[in-house]
Amino acid sequence: MVEKRRIELMLCAGTGCVAGGAFQIIEGLEKEIAARGLEKEVSVVQTGCNGFCGQGPLMVVIPDNIFYGWLTLDDIPHLVEEHFLKGRPIEKLMFTPPEEKEVLPMLSDIPFFKKQLLVVLRNKGIIDPEKIDDYIARDGYVAIEKVLTSMSPDEVIEEVKISGLRGRGGAGFPTGVKWKIASQQKKTPKYLIANCDEGDPGAYMDRSLIESDPHAVIEGMFIAGYAIGSSEAFIYMRTEYQLAVDRMKTAISQAREYGLLGKDILGSGFDFDIEIREGSGAFVCGEETSLIHSIEGDIPEPRQRPPFPAQEGLWGCPTVINNVETLANVPVIITRGADWYSGIGTETSKGTKIFSLVGKINNTGLIEVPMGINLRDVIYDIGGGIPDGKEFKAVQTGGPSGGCIPADLLDAPIDFESLQKAGSMMGSGGMIVMDEDTCVVDVSKFFIQFTNDESCGKCVACRDGSEALLEVLTRITNGEGREGDVEFLEELGETIKDASMCGLGQTLPNPVLSTLRYFRDEYEAHIKEKRCPALVCRNLIQYYIDPDKCIGCLKCLKNCPANAILGELKYVHIIDQDKCTKCGQCLEECPPKVSAVIKVTGNDMDDLKQLSEIIPVPKKKKKKKTE
Amino acid sequence: MSLNLEDRKKIGSALVVGGGIGGMQAALDLAESGIKVYMVDNKSSIGGVMSQLDKTFPTNDCAMCTMAPRLVEIGRHKDIEKITLSEVESITGQPGNFTVKIKKQPRYVDEEKCTGCGACVSNCPTRNTVQLQEREVITLEPQYEETVINILQKHKDRKGPLMPILQDVNEVYNYFPEKILKYISQETGYPLTHINRIATFYSAFSLKPIGKHVINVCMGTACYVRGAELLLEKFVDVLGVGIDETTEDMLFTLKSVRCIGCCGLAPVATIGDDVYGKLQSKDIPDIIAKYQKKEQ
Amino acid sequence: MPKLTIEELRKKRESSKKSIYLREGKFRGKVTVHMGTCGIAAGAREIMNTFLDEFDNKDIIDIMLTSSGCAGLCSEEPMVTVEMEDSAPVKYGKLTPDKTKKIFNDHIITGNIVEEFVLGIGSERVG
Ligand SMILES: Cc1cc2nc3c(=O)[nH]c(=O)nc-3n(C[C@H](O)[C@H](O)[C@H](O)COP(=O)(O)O)c2cc1C
Ligand code: FES
């Protein structure tokens, strides 16, 4: 007897929402539902990441399809009584787009979800990732059935080739071709590795994928293994992703129980099993040869290619390494056919891509869109634009290997080629939106700091080159830039690209080169005018209290960690620039109505200085009072 | 020291200690000016370090081309006598008249008669025996031993067991005590140098004990553009320790990480398993205090 | 749990499909029990339970059972609205569990409106 319910509450239990207290909410809901005797009718289902992480903790009420965000424990009794008992949905908890008044009750009305096309994440928020039966019910493991009963390994490879699927791990290598190379190798055994190392800062697609639908990855791995003739597979995951690791463990043991992993699967005589390996916090381990070394227990430094892993990989045997998102595409291709799949996307980039949309954007979260959609749609329609009415400046894609795409290229389609042409790359799918308050020099410095930290140090160009880049960038942001620095950065960048051995070094200068290409004037402002147009670089800015606006409320003075503010109650406050550490606390403290604290840079600083030289004087409050 | 030249009775020979490139040149110069030269070296042959180099700094000259002619010349010079496999034990006397005591190791070959044909080398029955020092056997204290043995046992049959072993040990102890690493090396046969390289490569591993609560401040891109740097500074300020350092009471270790995948909640910090999203620097003192209170 | 064969996997899939049917959002019809304060006072809970049991017994999964607020006709409570595909919504009033069973069997299963309990057909105009 299958249990039926009247209402199901699909509660997101992805890392983001869990951090926001999703488990407590679930517990609270269950208690409240039981207290009202509704447990037969209403059930709570934990799902993987819903994607709209900025609204978490959140849930979707099925079958009405109503979306509730920012839940708190206090909302629960009211919610259960009104909505689940009396059937009156609560507007207060629904989503209201910023800058608008109208609430949007239904999930399907919310623009964030509207323009998405779910292929890989087809089960997100619909199944409980810890229940294999849920996955099976959504046509899960149909693809395994199909390949085992009616397709030869070569036919599988051919199908994947026709579908046009390209690797989602960054480089976009055609997956079918990779499999073909491995399947043609004579040497055995062959290995398969699913890459879920995901070290790019600002990207969490792979983690969410595993958290919401681990069986899709297992099924994809199975098919890849079948195609290349491998019975042993590894999935390499970041240890930081504990929830994902746990879900994967659960999923693997359930699949073993059902005989979908192990020996003689579904009576076909084909064996296949998966072992989880965890990384321990080294970005370079995402690189395929380095990852292989890490699994072998060797020093995880990359090695020269060729031979490619598909020829000589793990323990010297042919090894296919694919990103987990790539693999999760495979079951869909097999069940729905390569022709259906290749109908989505552009000429050279097929299918969909998951992006994590983060940074200065209203709707942060995880999205899946068809290839070829343009950036404007992603940022303004799905992402809901930039918060606080700020100006869009650039979007960074491809993480530390990618680059910035400026506002004029917003109408460019998102696919492998056009991103590359714009000086960036697809990468694993992080999309970090920057507004006018983000300094591109500072961001470049940040990325180089990252790659400099993470460079394994094996080749000189990458190790010392990143060091040299960092030195120059630090100098520029400190206001000590010199004539010729820009040219030096360019030349050095190109050299590092040419001379590095692995992808880390070959792409490390991209953030600098791409920002130089689009925002050269900003670099020059730093160097020539000692001015940071975005008001970020600390040595180039000053905080300043506008004497005409200050009401002498002492708020900033009391909270200044450096005790750098002089003044008394109802006296104009002055910042002692020698003591100021530029932490920005005063700006935060100043009441929004007053907003007397401002940031200034470059020549503007000189214009203001004289004004602030006055010793604290009583401010005539009359003006304010009479108003 | 003022020298009384009258007292000095010069004897016509010199001793050069060390047969490197400098010693060789000195010996040749002396011998060319008609002085009998003794040359002492503790190795079985002269040549020193330069014989092991390819090129020399800063001129990139070929090392062998520089020294080979001198080697040959010394070998031939009638006034240079090489005393190899020897060390100077004592020097007495004063400038102009020294007496030097030299200790010579046995060579088991009559140097007068040897022609350097090499036949003895190829005929020696124990030619390739390497004599190593006895390796010290590591035993762990009972309280460690059981855990570590269990971990080793668990991964015994795995391919590439080293990472899983280290991860499990790290899980238990939070860091790698030196003795345990040595023990692992002894039991698994991985050289200690190799284990050390791995143990220092990954950022999740540490060779120093770390605090009870590890504070990870995310410095990933999303958090960075939303002001994570200020949070980190506040932590440094509140805890009074720098990044990758541990407070004296062993309660907190401060670290920075690159993205923990909660970018939607940026800026983020984690303390142990607790995640703090949309964190503001003014909340930090209270959060720290909460953990400190729990300990009391 | 013994290992599955292909046949068993298929069977498993069919049976699991029912348990997540709600989430697929494909419904043939919708039954709304009006559960405002007045409805609950008049016994709407019982009506809801009856429907739940009937749905269970007959293994119906493609009809949505939901609750909503007061329909505005408090004297006629408990009330339900039955909307089947391609026909106007029908409101029934003053229900009892027995009446409910009849509506379930006649209207929902066989498609014949139970005229004797009908309050009205069609919905209020939204102005
Ligand atoms: C420095 C560096 C880091 C990488 N990190 C990842 C990663 O986190 N996840 C990933 O799937 N691929 C990563 N890659 C790409 C892998 O080397 C490899 O190309 C990819 O896993 C192949 O899978 P695909 O064909 O499915 O894209 C990285 C490459 C480099 C050079
Ligand atoms: S950048 Fe901080 S959690 Fe991703």
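The structure this text deals with has already been given above.
Position labels on residues start from 1 in each chain and follow its written sequence. Starting at A for chains and at 1 for ligands, labels are handed out in the order in which the entities are written. Reporting of local features is limited, given that this is a predicted model, to residues whose pLDDT is at least 70; pairs of side-chain atoms are given and counted only at 80 or more, and all residues count toward the totals for whole chains, interfaces and linings. Water and hydrogen atoms were dropped before computing side-chain values, which therefore reflect all heavy atoms in the structure.

### Examining the arrangement of the chains
Phase 1 of the analysis: By definition, residues are in contact when any of their heavy atoms lie within 4.5 Å. If you rank the two pairs of chains in contact by how many contacts each has, first place goes to chains A and B.
Phase 2 of the analysis: A minimum C-alpha distance of 25 Å separates chain B and chain C, which share no contact.

### Structural notes on the interface of chain A and chain C
Phase 1 of the analysis: Across the boundary between the two partners, chain A contributes 42 residues, which contact 40 residues of chain C.
Phase 2 of the analysis: Taking both sides of the interface into account, the surface hidden between chain A and chain C amounts to around 3400 Å²; carbon and sulfur atoms contribute 57%.
Phase 3 of the analysis: Here A:Glu145 ties to C:Arg10 by a salt bridge, and the two come within 2.6 Å at their closest N and O atoms.
Phase 4 of the analysis: Each helix is a run of DSSP H or I of at least 4 residues and each strand a run of E of at least 2, with the numbering of both proceeding from the N terminus. Broken down by element, the residue count for the side of chain A that touches chain C peaks at four residues, all from helix 5 (residues 132-137) of chain A.
Phase 5 of the analysis: Residues of the side of chain A that touches chain C, tallied by class, amount to 19 nonpolar, five polar and 18 charged. Two parts placed together each lose some accessible area under a 1.4 Å probe, and the buried area is that loss summed for both. Salt bridges are counted wherever a side-chain nitrogen of Lys or Arg sits within 4 Å of a carboxyl oxygen of Asp or Glu. For this classification, Asp, Glu, Lys and Arg are treated as charged, while Ala, Val, Leu, Ile, Met, Phe, Trp, Tyr, Cys and Pro are nonpolar and the rest, including Gly, are polar.

### Considerations on the nonpolar core
Phase 1 of the analysis: We call a set of buried residues a nonpolar core when its members are Ala, Val, Leu, Ile, Met, Phe, Trp, Tyr or Cys and they connect through side-chain atoms within 4.5 Å of each other. With a 1.4 Å probe rolled over the protein chains alone, any residue whose accessible area is under 20% of its type maximum counts as buried; one over 50% counts as exposed, and the rest are partly exposed. Grouped together as the largest cluster of nonpolar side chains are 146 residues, with contacts concentrated most on A:Tyr141, A:Trp179, A:Met221, A:Ile235, A:Phe272 and B:Phe235.
Phase 2 of the analysis: It is helix 10 (residues 214-228) of chain A that provides the largest number of residues to this core, a total of ten residues.
Phase 3 of the analysis: Core analysis: the next-biggest nonpolar cluster, separate from the first, contains 46 residues, A:Ile7, A:Leu9, A:Ile33 and C:Phe55 among them.

### A few points about the state of the cysteines
All names here are of chain B.
Phase 1 of the analysis: When the sulfur atoms of two cysteines come within 2.5 Å, that pair is taken as a disulfide. Inspection of every chain in the model, using the stated rule, returns one disulfide over all chains.
Phase 2 of the analysis: Between the sulfur of Cys 62 and that of Cys 65 lies a disulfide, 2.4 Å long from S to S. Here the disulfide of Cys 62 and Cys 65 is right-handed, its torsion about the S-S bond being about 85 degrees.
Phase 3 of the analysis: Taking relative accessible area as the criterion, Cys 62 reaches 30% and is therefore assigned partly exposed.

### So, the pattern of salt bridges
Phase 1 of the analysis: In the structure shown here, the tally under the stated rule is 37 salt bridges over all chains.
Phase 2 of the analysis: Where B:Lys159 meets A:Glu232, a salt bridge forms, and the shortest distance between an N and an O atom there is 3.5 Å. With B:Lys159 in the loop between helix 4 (142-154) and helix 5 (162-173) and A:Glu232 in strand 6 (residues 232-237), this residue pair bridges two chains.
Phase 3 of the analysis: Assessed through its relative accessible area of 36%, B:Lys159 is described here as partly exposed.
Phase 4 of the analysis: According to the relative accessible area criterion, A:Glu232 is partly exposed, its value standing at 33%.
Phase 5 of the analysis: A salt bridge links B:Asp79 to B:Lys78; its shortest N-O distance comes to 3.4 Å.
Phase 6 of the analysis: For B:Asp79, a relative accessible area of 18% gives the class buried.
Phase 7 of the analysis: When salt bridges that share partners are traced, they join A:Glu32, A:Arg36 and A:Glu81 into one network.

### Considerations on the pairing of strand 6 (residues 86-94) of chain B
All names here are of chain B.
Phase 1 of the analysis: Paired strands, in this sense, are two strands between which DSSP finds at least two bridges. Across eight bridges, strand 6 lies against strand 7 (residues 97-104) in antiparallel orientation. Each bridged residue has a counterpart across the sheet, and for Gly 93 the counterpart in strand 7 is Phe 98.
Phase 2 of the analysis: If you look at the hairpin formed by strand 6 and strand 7, you'll find two residues sitting between the two strands, and Gly 96 has a positive phi there, around 100 degrees.

### Overview of the sheet that holds strand 6 of chain A
All names here are of chain A.
Phase 1 of the analysis: A sheet is described by the order of its strands in space; here four strands give the open sequence 7-6-5-8, paired in parallel fashion. The open sheet has two edge strands with one neighbour each: strand 7 (273-278) and strand 8 (319-323). Each neighbouring strand pair of the sheet contributes to a mean axis angle of 20 degrees, computed without reference to strand direction.
Phase 2 of the analysis: In the sheet, strand 6 pairs with strand 7 via six bridges, with the strands oriented parallel. For Ile 235, the partnering residue across the bridge sits in strand 7 and is Ile 276. Axes here mean lines fitted to C-alpha atoms, for a helix over just the part in contact, with angles spanning 0 to 180 degrees between N-to-C directions.

### A few points about the packing of helix 17 (residues 440-454) of chain A against helix 22 (residues 520-528) of chain A
Residue and element names in this part refer to chain A.
Phase 1 of the analysis: For the pair helix 17 and helix 22, the least separation of the axes is 9 Å and the interaxial angle reads 95 degrees. Between helix 17 and helix 22, the crossing angle belongs to the class labelled roughly perpendicular. Side by side, helix 17 and helix 22 meet where Val 440, Val 441 and Ser 444 of the first sit next to Glu 522, Tyr 523 and His 526 of the second.
Phase 2 of the analysis: Its residues assigned to classes, the contact of helix 17 with helix 22 shows three nonpolar, two polar and one charged. Working definition: roughly parallel below 35 degrees, roughly antiparallel above 145 degrees, roughly perpendicular at 65 to 115 degrees, and oblique for all remaining angles.

### A word on the site of ligand 1
All names here are of chain A.
Phase 1 of the analysis: As a matter of local geometry, ligand 1 sits amid 18 residues, with Gly 169, Lys 178, Glu 198, Asn 323 and Thr 326 nearest to it.
Phase 2 of the analysis: A distance of 3.3 Å separates an oxygen atom of ligand 1 from a polar atom in the backbone of Arg 168.
Phase 3 of the analysis: One of the backbone nitrogen or oxygen atoms of Glu 198 is found 2.9 Å away from an oxygen atom of ligand 1.
Phase 4 of the analysis: Using a 1.4 Å probe, the Shrake-Rupley method yields the accessible areas, and only the shown protein chains count as cover for residues. When the free accessible area of ligand 1 is taken as 620 Å², the share hidden by the protein chains comes to 90%.
Phase 5 of the analysis: Sort the elements by how many residues they give to the shell around ligand 1 and strand 8 lands first, with three residues.
Phase 6 of the analysis: Its residues assigned to classes, the shell around ligand 1 shows three nonpolar, nine polar and six charged. For each residue, the test is whether any non-hydrogen atom lies within 4 Å of the molecule or strand; if one does, the residue is near. Nitrogen and oxygen atoms within 3.5 Å of one another constitute a polar contact, given that in protein one can donate a hydrogen and the other can accept it, and given that sequence-neighbouring residues count only through two side-chain atoms.

### Comments concerning the interface of chain A and chain B
Phase 1 of the analysis: With 55 residues of chain A at the interface, the matching set in chain B holds 37 residues.
Phase 2 of the analysis: Buried area between chain A and chain B, summed over both chains or domains, comes out near 3800 Å², and the portion from carbon and sulfur atoms is 54%.
Phase 3 of the analysis: Area buried by chain A at its contact with chain B is led by A:Ser280, A:Ile299 and A:Phe446, which between them contribute 17% of it.
Phase 4 of the analysis: In this structure, the connection of chain A to chain B is made through four salt bridges.
Phase 5 of the analysis: Between A:Arg538 and B:Glu233 there is a salt bridge, and its shortest N-O distance comes to 3.2 Å.
Phase 6 of the analysis: Listing elements by their share of the side of chain A that touches chain B, those giving two or more residues are helix 1 (15-19), strand 6, strand 7, helix 12 (288-296), strand 9 (352-359) and helix 17 of chain A.
Phase 7 of the analysis: No other element matches helix 17 of chain A, which puts seven residues into the side of chain A that touches chain B.

### A look at a nonpolar patch on the surface
Residue and element names in this part refer to chain B.
Phase 1 of the analysis: On the surface, a nonpolar cluster with roughly 490 Å² of combined accessible area is contributed by Leu 15, Val 17, Val 88, Ile 91, Phe 98 and Ile 102.
Phase 2 of the analysis: Those elements that place two or more of their residues in the nonpolar patch are strand 1 (13-17), strand 6 and strand 7.
Phase 3 of the analysis: Topologically, Ile 91 is positioned in strand 6.
Phase 4 of the analysis: With a relative accessible area of 53%, Ile 91 lands in the exposed category. Residues enter patches when they are more than 30% accessible in relative terms and free of salt bridges; like-charged ones are connected within 9 Å and nonpolar ones (Val, Leu, Ile, Met, Phe, Trp, Tyr) within 5 Å.

### So, the packing of aromatic side chains
Phase 1 of the analysis: Within 6.5 Å between ring centres, the rings of Phe, Tyr and Trp (the latter by its six-membered ring) count as paired, and their orientation is classed by plane angle as stacked under 30 degrees, edge-to-face over 60, tilted in between. Per the stated rule, a full pass over the model turns up 21 aromatic pairs over all chains.
Phase 2 of the analysis: Taken together, a centroid distance of 5.2 Å and an interplanar angle of 80 degrees make the contact between A:Tyr135 and A:Tyr141 edge-to-face.
Phase 3 of the analysis: Judged by relative accessible area, which is 0%, A:Tyr141 ranks as buried.
Phase 4 of the analysis: Ring geometry for A:Tyr226 against A:Phe270: centres 5.4 Å apart, planes inclined by 90 degrees, an arrangement best described as edge-to-face. One end of the pair, A:Tyr226, is in helix 10; the other, A:Phe270, is in the loop between helix 11 (242-257) and strand 7, with 44 residues separating them in the sequence. Here the two residues A:Tyr226 and A:Phe270 agree in accessibility, since each one is buried.
Phase 5 of the analysis: One aromatic cluster in this structure is built from A:Phe52, A:Phe67, A:Phe95, A:Phe112 and A:Phe113.
Phase 6 of the analysis: Our definition puts a charge over a ring when NZ of Lys or CZ of Arg is within 6 Å of the ring centre and also within 35 degrees of the ring normal. Directly above the aromatic system of A:Phe355 lies the positively charged group of A:Lys353, at a separation of 5.7 Å from the ring centroid.
Phase 7 of the analysis: It is B:Lys159 that lies over the ring of A:Trp315; its NZ or CZ is 5.4 Å from the centre.

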